[in-house]
Amino acid sequence: MQWRLHEDVDADVRAAVELLRSPSGLRTREQGEQLREVLQRRIEDARRADPSAGYAAHLRTALDYRSWFRFETYVVDDAAPGRKRALTGRTGLSQGEQRVLSYLVLFAAAAAHFTTLGETTPHAPRLILLDDAFAKVDEPTHGRLGRILVDLDLDFVLTSERLMGNWPEVPSLHIYECLRDARVRGVASLHYTWNGRHRRLMPV
């Protein structure tokens, strides 16, 4: 993804973006005052443009940074890393590629949500559940998606008819395989552990 400031944004937006690049604790008093003045002017502009809207609407209009930037998303093929295709509504993607893109968005959104939640509830679990995980995604990509979950510090529970989870990209995992015989009542369960290199059958 390329995330760039629009060329035609006004001077106040450019000033706000520059000031917001530095952490609040490192800004001088003068910079903090300048940022406050810039944002106040944007709120006043929104109020003049639509006096009938409420203060919350004025804030949304003035501070919605998405209108300040241009977001461009590209698809890069592993077989040709130097080439990329702009991702648009007309970009031809296989079902597997569409699934991978949806997983990437889901994982990033979940990680961002849990990180924000962790500021007030540091012990909240960072857990996602996926039923029929990674269906229609080619097998070499399964481990890469698992690695992304690990890198984002997400705990996960996956169910699937075909995944075993013994991916070198994932350092540890508990794996439960459920076996059912139509002629026998009940379901048998096998418990494995995975340490990134070896899968071990645990005793009952």
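The model shown is predicted, which means the values in this text are computed figures rather than measured ones.

## Here's the deal with a nonpolar patch on the surface
Among the surface-exposed residues, M1, W3, Y65 and F71 lie close enough to one another that they form a single nonpolar patch of about 480 Å² accessible area. Along the chain, Y65 falls in the loop between α3 (55-63) and β2 (69-72).

## A look at the sheet that holds strand β8 (residues 188-194)
With antiparallel pairing, 3 strands are arranged side by side in an open sheet as β7-β8-β9. Across the chains shown, the open sheet's two edge strands, defined by having one partner strand only, are β7 (173-179) and β9 (199-201). In this sheet, adjacent strand axes meet at a mean angle of 30° when their direction is disregarded.

## Considerations on helix α2 (residues 29-49)
If you check α2, its first and last C-alpha atoms are 30 Å apart, about what 21 residues at 1.5 Å a residue would give, namely 30 Å. Of the residues making up α2, those classed as buried are L35, V38, R42, I43 and A46. Each buried residue of α2 sits inside an arc of 135° when the element is viewed along its axis, so together they form one side. Across from the buried face of α2, at angles greater than 90 degrees, the exposed residues are R29, E30 and R48.

## Examining the environment of R60
Looking at the secondary structure, you find R60 in helix α3. As for R60 and I43, which are separated by 17 residues in sequence, their C-alpha atoms are 9.0 Å apart.

## Here we look at the packing of aromatic side chains
Taken as a whole and assessed by the stated rule, the structure comprises 7 aromatic pairs. Between the aromatic rings of W3 and F69, the centroid separation amounts to 5.5 Å while the plane-to-plane angle is 80°, which identifies the pairing as edge-to-face. Of this pair, W3 sits in strand β1 (residues 2-5) while F69 sits in strand β2; the two residues are 66 residues apart in sequence, bridging distant segments of the chain. Note on W3: relative accessible area 49%, which makes it partly exposed. Note on F69: relative accessible area 14%, which makes it buried. Taking the centre distance of 5.8 Å and the plane angle of 25° together, the rings of Y103 and F107 count as stacked. With Y103 and F107 both in helix α4 (residues 95-118), this residue pair falls 4 residues apart, about one helical turn. Judged by relative accessible area, which is 9%, Y103 ranks as buried. Grouped by ring-pair contacts, the aromatic residues W3, Y65, F69 and F71 constitute a single cluster.

## Points about the nonpolar core
Nonpolar side chains tend toward joint burial in soluble globular proteins. Y103, F107, I128, F134 and L145 are the most contacted members of the largest nonpolar core, which totals 22 residues. Per-element accounting of this core gives the leading share, 6 residues, to α4. Those residues in contact with F134 that lie beyond four places of it in its chain are Y103, F107, H142, L145, L158, R162, L163 and W167. Of all hydrophobic cores here, the second largest spans 9 residues; its members include V9, V13, V17 and L19.

## Considering the environment of R66
Mapped onto the elements, R66 comes out in the loop between α3 and β2. At a separation of 2.9 Å, a polar atom in the side chain of R66 contacts the side chain of D64.

## Points about the pattern of salt bridges
For side chains bearing opposite charge, pairing can occur when the charged atoms are close. Scanning all chains against the criterion turns up 13 salt bridges. For R36, the salt bridge identified is with E33, shortest N-O distance 2.8 Å. Note that R36 and E33 are positioned in helix α2 at a spacing of 3 residues, about one turn of the helix. Put simply, R126 and D153 hold a salt bridge, and the shortest N to O gap is 3.8 Å. One end of the pair, R126, is in the loop between α4 and β5 (127-130); the other, D153, is in the loop between α5 (139-151) and β6 (155-158), with 27 residues separating them in the sequence. Residue classification places R126 among the buried positions, given a relative accessible area of 16%. One salt-bridge network, held together by shared partners, links R4, E7, R70 and E72.

Rules used throughout
- Residues numbered from 1 in each chain as written.
- Predicted model: local features only at pLDDT ≥ 70, side-chain atom pairs only at ≥ 80, totals over all residues.
- Heavy atoms only, no water.
- Patch = residues over 30% accessible without salt bridge, like charges linked within 9 Å, V, L, I, M, F, W, Y side chains within 5 Å.
- Areas by Shrake-Rupley, 256 points an atom, 1.4 Å probe, with all protein chains shown as cover.
- Salt bridge = Lys/Arg side-chain N within 4 Å of Asp/Glu carboxyl O.
- Helix = DSSP H or I, 4+ residues; strand = E, 2+ residues; numbered from the N terminus.
- Pairing = 2+ DSSP bridges.
- Axes fitted to C-alpha atoms, helices over the stretch in contact; angles between N-to-C directions.
- Expected span 1.5 Å × (residues − 1).
- Buried < 20%, exposed > 50% of the residue type's maximum accessible area, 1.4 Å probe, protein only.
- Arc of directions from axis to C-beta.
- Phe/Tyr/Trp six-rings, centres within 6.5 Å; stacked < 30°, edge-to-face > 60°.
- Core = buried A, V, L, I, M, F, W, Y, C linked by side-chain atoms within 4.5 Å.
- Contact = heavy atoms within 4.5 Å.
- Polar contact = N/O pair within 3.5 Å; in protein donor to acceptor, adjacent residues only side chain to side chain.

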